[in-house]
Amino acid sequence: MKFLRPLTSASITVMLAMSGIAFSSPAQAQDTTETRKKFIECVNKEITSENRKWKLPEPELKKLTDIIDREIMKEDMSPKSQNDEQRIIENIENSATKELKGIDSETLDEVIETLRVSGQHCFVIVRQG
């Protein structure tokens, strides 16, 4: 597995979206829980759509989306360092490795890459919201 991948601009955007750094007004910052829920909903929808390729059984897909939800919801809205951003992705990957015994490392790598791309896309959607 590729636990320590270099951060790309897309992954930095994902982490900014997860951490809430990119909120531009106090009104947006006050609605952090609702914003994170919308972000999670969007990411989970894209992960579920991509599962057509991975063919994870429904219980495994549910565990995966629960892991993503849990990691995003526990983050506060303070600015994140690059190390913190990488930690969030690693936490998702590590949790998936532990909790999804039936997922092979190649599929998990695809899931993590999809999460990075979906996060960027969903950030734009939620921000325009």
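Residues numbered from 1 in each chain as written. Predicted model: local features only at pLDDT ≥ 70, side-chain atom pairs only at ≥ 80, totals over all residues. Heavy atoms only, no water.

**Observations concerning the nonpolar core**
Buried together is how nonpolar side chains tend to be arranged in soluble globular proteins. Of all hydrophobic cores here, the largest spans 25 residues; its most connected members are Phe39, Val43, Ile47, Leu64, Ile68 and Ile92. Per element, the largest residue contribution to this core is 7 residues, and it comes from helix α6 (residues 105–128). (Core = buried A, V, L, I, M, F, W, Y, C linked by side-chain atoms within 4.5 Å. Buried < 20%, exposed > 50% of the residue type's maximum accessible area, 1.4 Å probe, protein only. Helix = DSSP H or I, 4+ residues; strand = E, 2+ residues; numbered from the N terminus.)

**Overview of the packing of helix α3 (residues 32–54) against helix α4 (residues 58–73)**
Two elements in contact, α3 and α4, have axes separated by 10 Å at closest approach and are oriented at 155°. Relative to α4, the element α3 is oriented roughly antiparallel. Along this stretch, α3 crosses α4, giving a crossing that reads as right-handed. Each of Thr33, Arg36, Lys37, Phe39, Ile40, Val43, Asn44, Ile47, Thr48 and Asn51 in α3 lies in contact with α4, whose residues at this interface are Leu61, Leu64, Thr65, Ile68, Asp69, Ile72 and Met73. In terms of residue class, the contact of α3 with α4 is made up of 9 nonpolar, 5 polar and 3 charged. (Axes fitted to C-alpha atoms, helices over the stretch in contact; angles between N-to-C directions. Parallel < 35°, antiparallel > 145°, perpendicular 65-115°, else oblique. Left-handed = near helix turned anticlockwise from the far one by under 90°. Contact = heavy atoms within 4.5 Å. Nonpolar A, V, L, I, M, F, W, Y, C, P; charged D, E, K, R; others polar.)

**Observations concerning α4**
Helix length check: α4 (16 residues) gives 22 Å between terminal C-alpha atoms against 22 Å at 1.5 Å per residue, within 8%. Buried residues of α4: Glu60, Leu61, Leu64, Thr65, Ile67, Ile68, Glu71 and Ile72, and no others. Angular distribution of buried residues about the axis of α4 spans 150°; they occupy a single face of the element. The exposed set on the far side of α4, more than 90 degrees from its buried face, consists of Glu58 and Pro59. (Expected span 1.5 Å × (residues − 1). Arc of directions from axis to C-beta.)

**Notes on the pattern of salt bridges**
Tallying each qualifying case throughout the model produces 5 salt bridges. Between lysine 62 and aspartate 66 there is a salt bridge whose closest N-O contact spans 2.8 Å. A residue pair is termed a helical-turn pair when its members lie 3 or 4 positions apart in one helix, as lysine 62 and aspartate 66 do in helix α4 at 4 residues. Exposure remark for lysine 62: the relative accessible area of 47% places this residue in the partly exposed category. (Salt bridge = Lys/Arg side-chain N within 4 Å of Asp/Glu carboxyl O.)

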